[in-house]
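# Fold and contact review
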Amino acid sequence: MFEKRPRIFKNRDILSPLFVPDTLQDRKKEVEIISQYLGYILDGATPPNILITGPPGSGKTVTIKYILNELQKHTDAPIKYVKADGTAYQVAASIAERRDPGFLNLINKIREKIQGKKAIIVLDEVDKMLAKDSDRLLYHLSREPDICTITISNKLTVMSMITDPRVLSSFQPRRINFPPYNANQLTEILEYRAERAFYDNVLEDSVIPLCAAMAAQRNGDARYALELLTFAADIAIRNKQKKITEEHVRAAQDEVEIEFIRNSIAELRENQKLLLYATLISKEKTPRRVYKTYNKLAKQYGINSLTQRRLSQLLRELELYGLVEIEVVGRGRGRGVKWLVRPSSTIDDDVMLEAIRRSL
Ligand SMILES: Nc1ncnc2c1ncn2[C@@H]1O[C@H](COP(=O)(O)OP(=O)(O)OP(=O)(O)O)[C@@H](O)[C@H]1O
């Protein structure tokens, strides 16, 4: 059964989202800024708190992991990376690496663990913790003079999820936003990985540019680009072929696309899901209509209705995730710019509807 397998993958793990490459492509400016801040720890100072934002797959996690790996070569300062996707207690337990009862106990354990040294704690996907629970972990961390807290989120508006004015005044992070990748940058990222993941000459020349172009359309998501390449290779192997071709990429697109859309919709907040739903089912695509439909749905699903301003903000977020398109259609008479909002033209409406209904 396992004999005569095509020689395609030299090391498939290199394409995994968990792999941290030994050099990064294209994030020079961001690496420079962040490493300047974190480098202060080498002079015995606590680096400033940092907030990294940027759309999914823009390299936020890999960049911070890469910088911390490098930093750790020069210091024995305690550095802890955690996914902050649980409650404040659960996240504190991951940092403290124990599950003692009582949130404040855990905070003490974290303090004991760093033993008066300067420390760096990374809270990735911090918006999930803030949505689930509260900002009480940030409250405590930002009050510790020896701890630099790095928060990462793909929600541009994450700071508005912090409600405690005491946290707002003590946390005060330096903000760094990662823009989405373009097709050339995605090509570079893929080439580096492909060289190490595949045997020589198994990729048709057009495969990487095609994956990069498709991912550039999906909001410059490097994870999507890597998944396309991995699925395409899996399909080639399934078909017992020796080379990965454009057809394999196109066949992979459907599988990857549906998976990605499901995941990205499942990750939206309830009000974002409802707004996307309203955009899909509104016959007229003017913002006013879409907002009306949203408010109707909000009643139906027992969710608070929102002000027009907040809804516009949410629409911009959906646009950033590549789920809707906002089109300016000219100037209304004396009423400023007129615009329309449509579901993404590159994603099948039914796929989005099914994913929303499933996760609401
Ligand atoms: N500049 C880069 N160089 C090499 N690989 C990269 C780069 N940017 C992203 N990648 C790869 O793309 C994938 C997604 O990147 P990453 O997880 O860092 O994105 P993210 O911005 O944290 O996304 P999310 O917000 O969804 O968590 C990973 O496999 C990562 O290794």
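Residues numbered from 1 in each chain as written. Predicted model: local features only at pLDDT ≥ 70, side-chain atom pairs only at ≥ 80, totals over all residues. Heavy atoms only, no water.

Once that is clear, we can look at helix α8 (residues 183-197). With 15 residues, α8 extends 20 Å from end C-alpha to end C-alpha; this agrees with the ideal 21 Å at 1.5 Å per step. If you check which residues of α8 are buried, you get Gln-185, Leu-186, Thr-187, Ile-189, Leu-190, Tyr-192, Arg-193, Ala-194 and Ala-197. Residues of α8 that are buried make contact with α9 (207-217) and α10 (222-238). The backbone nitrogen of Asn-184 has a side-chain oxygen 3.1 Å away, supplied by the residue at the start of α8, namely Asn-182. (Helix = DSSP H or I, 4+ residues; strand = E, 2+ residues; numbered from the N terminus. Expected span 1.5 Å × (residues − 1). Buried < 20%, exposed > 50% of the residue type's maximum accessible area, 1.4 Å probe, protein only. Contact = heavy atoms within 4.5 Å. Polar contact = N/O pair within 3.5 Å; in protein donor to acceptor, adjacent residues only side chain to side chain.)

Right, let's get into the side chain of Gln-185. By secondary structure assignment, the location of Gln-185 is in helix α8. A polar atom in the side chain of Gln-185 sits 2.9 Å from the backbone nitrogen of Asn-182. For Gln-185, the contacting residues outside a window of four places in its chain are Asp-26 and Pro-180.

What follows concerns the sheet that holds strand β5 (residues 174-177). Adjacent strands of a sheet form backbone hydrogen bonds with each other and so pair up, either parallel or antiparallel. With parallel pairing, five strands are arranged side by side in an open sheet as β2-β3-β4-β1-β5. The two strands at the open ends of the sheet, each matched to only one other strand, are β2 (79-83) and β5. The average undirected angle you get between the axes of adjacent strands in this sheet is 15°. Here four bridges tie strand β1 (residues 50-53) to strand β4 (residues 147-153), and the two strands are oriented parallel to one another. Paired with Leu-51 across the two strands is Thr-151, which belongs to β4. Of the strands in this sheet, β2 and β3 (119-124) are in contact with helix α3 (residues 88-96), which crosses β2 at around 145°. (Pairing = 2+ DSSP bridges. Axes fitted to C-alpha atoms, helices over the stretch in contact; angles between N-to-C directions.)

So, on to the site of the ligand. Close to the ligand lie 22 residues; Gln-25, Lys-60, Thr-61, Tyr-181 and Arg-193 are nearest. Within the backbone of Gly-57, one N or O atom sits 2.9 Å away from an oxygen atom of the ligand. One nitrogen or oxygen atom from the main chain of Ser-58 is found 3.1 Å from an oxygen atom belonging to the ligand. In the complex, the protein chains occlude 95% of the 630 Å² of accessible area that the ligand would expose alone. Contributions of two or more residues to the shell around the ligand are made by α2 (60-72), α8 and α10. When residues of the shell around the ligand are sorted by domain, at least three fall in each of domain 1 (28-177) and domain 2 (181-265). (Near = heavy atom within 4 Å. Areas by Shrake-Rupley, 256 points an atom, 1.4 Å probe, with all protein chains shown as cover. Domains from an automatic or database assignment.)

Quick look at the domain arrangement of the chain now. According to the domain assignment, the chain contains domain 1 (28-177), domain 2 (181-265) and domain 3 (268-359). If you average the C-alpha positions of domain 2 and of domain 3, the two centres end up 30 Å apart. If you look at the interface, domain 2 gives nine residues, while domain 3 gives 16 residues. Both faces combined, the contact of domain 2 with domain 3 buries some 970 Å², and carbon together with sulfur accounts for 59% of it. Across the domain 2-domain 3 interface, the total number found is one salt bridge. Of the charged contacts in the structure, one is a salt bridge between Arg-262 and Glu-354, with a shortest N-O distance of 3.7 Å. (Buried area = accessible area lost by both parts, 1.4 Å probe. Salt bridge = Lys/Arg side-chain N within 4 Å of Asp/Glu carboxyl O.)

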